[in-house]
Amino acid sequence: MDSVHIVLWIVTVALIVVMLTVDFVGHVRKPHAPSIKEAAVWSAIYIAIAVIFGGFIWAAYGSQMGTEYFAGYLTEKSLSLDNLFVFILIMAAFKVPREDQQKVLLFGIVVALIFRTIFILLGAAVIENYSWVFYIFGAFLVWTAIHQALPSKEEDEYHENALIRKLRTVLPLTDSYVGDRVFVKVDGKRMVTPMIIVMIAIGSADLLFAVDSIPAIFGLTQDPYLVFAANAFSLLGLRQLFFLVDGLLERLVYLNYGLAVILGFIGVKLVLHALHVNELPFINGGQPVLGAPEITIGTSMAVIVGTLVVTTIASLIKDKSDRKKQLESVQG
């Protein structure tokens, strides 16, 4: 696939900067807790922007690139729901005031964009020079899918990682939040508020999620620009989506199974692609395995959309049934 012209890169980055600026100036600068209506409207706007952008890619560069972008965007968007669940746990664990949560989330999104861009560029360079990495990506995604589908033995609570615990010992922290401020002066001494710990916790959590999502989208397209664009547009609406689905995620009881199917499917697709471009001497004498089936991007799109639809419908039916049984037990 031909590289996307540098002008489109510049325009896309400029659009992302504008969207982040609108987020900061229009929403985060003045602390407030968004209403469901506000979160829904802005979520719809960001999704509309991503769809319009995908339509432009389709019209300007053809259906192949267009389909790859939409498949990548849908995959990243669905995987971001896992991010949101962890973000909700972090906010609850650190008791972040509702009106200050937007600033934390925006910081996390900016950090995620920076680190994911680095990961994408590194991943593209590795793929360009070492095709065997597709075997590793594929095997990792299949393993992740199995782990995702297994019942979790962990409690639904956030546990601080080593980085956060270390920061608590070295930073001069205030005892409580001071609005949405990060730095304050107390008795002439400069101190940091717990807000910095929450921001780093959100950023480090998303960094771990990128380990899954970046290989997954490289399984759908090897174009660095499409990988970047799909990641960026899926992340940009994450702040609004957080306030929209907060409290509703628990109703998607089969979400982990849906994500497991998507990750497992892409993992198998990556392994099959690795066989087609095989250079490992201990597999087929170092020659490509041309007999291995090649999964088209159209098939990938159908599997991703179908899985998301089935998962959502099945989850809502299950949730409705459970609520009905709970109501009957209370009335009985």
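This text follows the structure it describes.
Conventions adopted
Residues numbered from 1 in each chain as written. Predicted model: local features only at pLDDT ≥ 70, side-chain atom pairs only at ≥ 80, totals over all residues. Heavy atoms only, no water. Helix = DSSP H or I, 4+ residues; strand = E, 2+ residues; numbered from the N terminus. Buried < 20%, exposed > 50% of the residue type's maximum accessible area, 1.4 Å probe, protein only. Polar contact = N/O pair within 3.5 Å; in protein donor to acceptor, adjacent residues only side chain to side chain. Contact = heavy atoms within 4.5 Å. Core = buried A, V, L, I, M, F, W, Y, C linked by side-chain atoms within 4.5 Å. Axes fitted to C-alpha atoms, helices over the stretch in contact; angles between N-to-C directions. Left-handed = near helix turned anticlockwise from the far one by under 90°. Nonpolar A, V, L, I, M, F, W, Y, C, P; charged D, E, K, R; others polar. Salt bridge = Lys/Arg side-chain N within 4 Å of Asp/Glu carboxyl O.

Peer 1: Explain the side chain of T174 to me, using residue names and the numbers behind them.
Peer 2: In this structure, T174 sits in the loop between helix 6 (162-170) and strand 1 (183-186). Among the residues examined, T174 registers a relative accessible area of 12% and is labelled buried. Reaching out from T174, the side chain makes a polar contact with the backbone oxygen of S176 at a distance of 2.8 Å. Not counting residues up to four positions away in its chain, the partners in contact with T174 are V184, V186, M191, V192, T193 and P194.

Peer 1: Tell me about the side chain of T311, and please be specific about residues and values.
Peer 2: Among the secondary structure elements, T311 is positioned in helix 11 (residues 297-331). Looking at T311, the relative accessible area reads 11%, which means it is buried. Beyond its immediate sequence surroundings of up to four residues, T311 is in contact with Y254, L255 and G258.

Peer 1: Quick one: what's the story with the nonpolar core, residue by residue and with numbers?
Peer 2: Judged by nonpolar contacts, the single largest core of 91 residues is most densely connected at Y69, L84, F94, V198 and F233. Per element, the largest residue contribution to this core is 13 residues, and it comes from helix 7 (residues 194-218).

Peer 1: Describe in detail the packing of helix 4 (residues 101-129) against helix 7, supporting the description with residues and values.
Peer 2: Helix 7 packs onto helix 4 with a crossing angle of 35 degrees between their chain directions and a minimal axis gap of 8 Å. Every pair of crossing elements has a handedness; the one defined by helix 4 and helix 7 is right-handed. Class assignment for the residues of the contact of helix 4 with helix 7 results in 19 nonpolar, four polar and three charged.

Peer 1: Describe unusual backbone geometry, and please don't skip the residues or the numbers.
Peer 2: Leave glycine aside and you will find that most residues have negative phi; peptide bonds, for their part, are mostly trans. Even without a glycine there, the phi angle at K95 is positive, about 50 degrees. One can find K95 in the loop between helix 3 (63-93) and helix 4. You will see that N284, though not glycine, has its phi angle at about 55 degrees, which is positive. Following the sequence through the fold, N284 ends up in the loop between helix 10 (255-276) and helix 11.

Peer 1: Run through the environment of K320, naming residues and quoting values.
Peer 2: Relative to the elements of secondary structure, K320 occurs in helix 11. K320 sits 237 residues away from N83 along the chain, and the two C-alpha atoms are 25 Å apart.

Peer 1: How would you sum up the pattern of salt bridges? Please name residues and give values.
Peer 2: With the rule as written, the count across this model stands at four salt bridges. The partner of K318 in a salt bridge is D322, with the nearest N and O atoms 3.4 Å apart. Separated by four residues within a single helix, K318 and D322 lie in helix 11, roughly one turn from each other. Assessed through its relative accessible area of 33%, K318 is described here as partly exposed. Its relative accessible area of 31% is what places D322 among the partly exposed residues.

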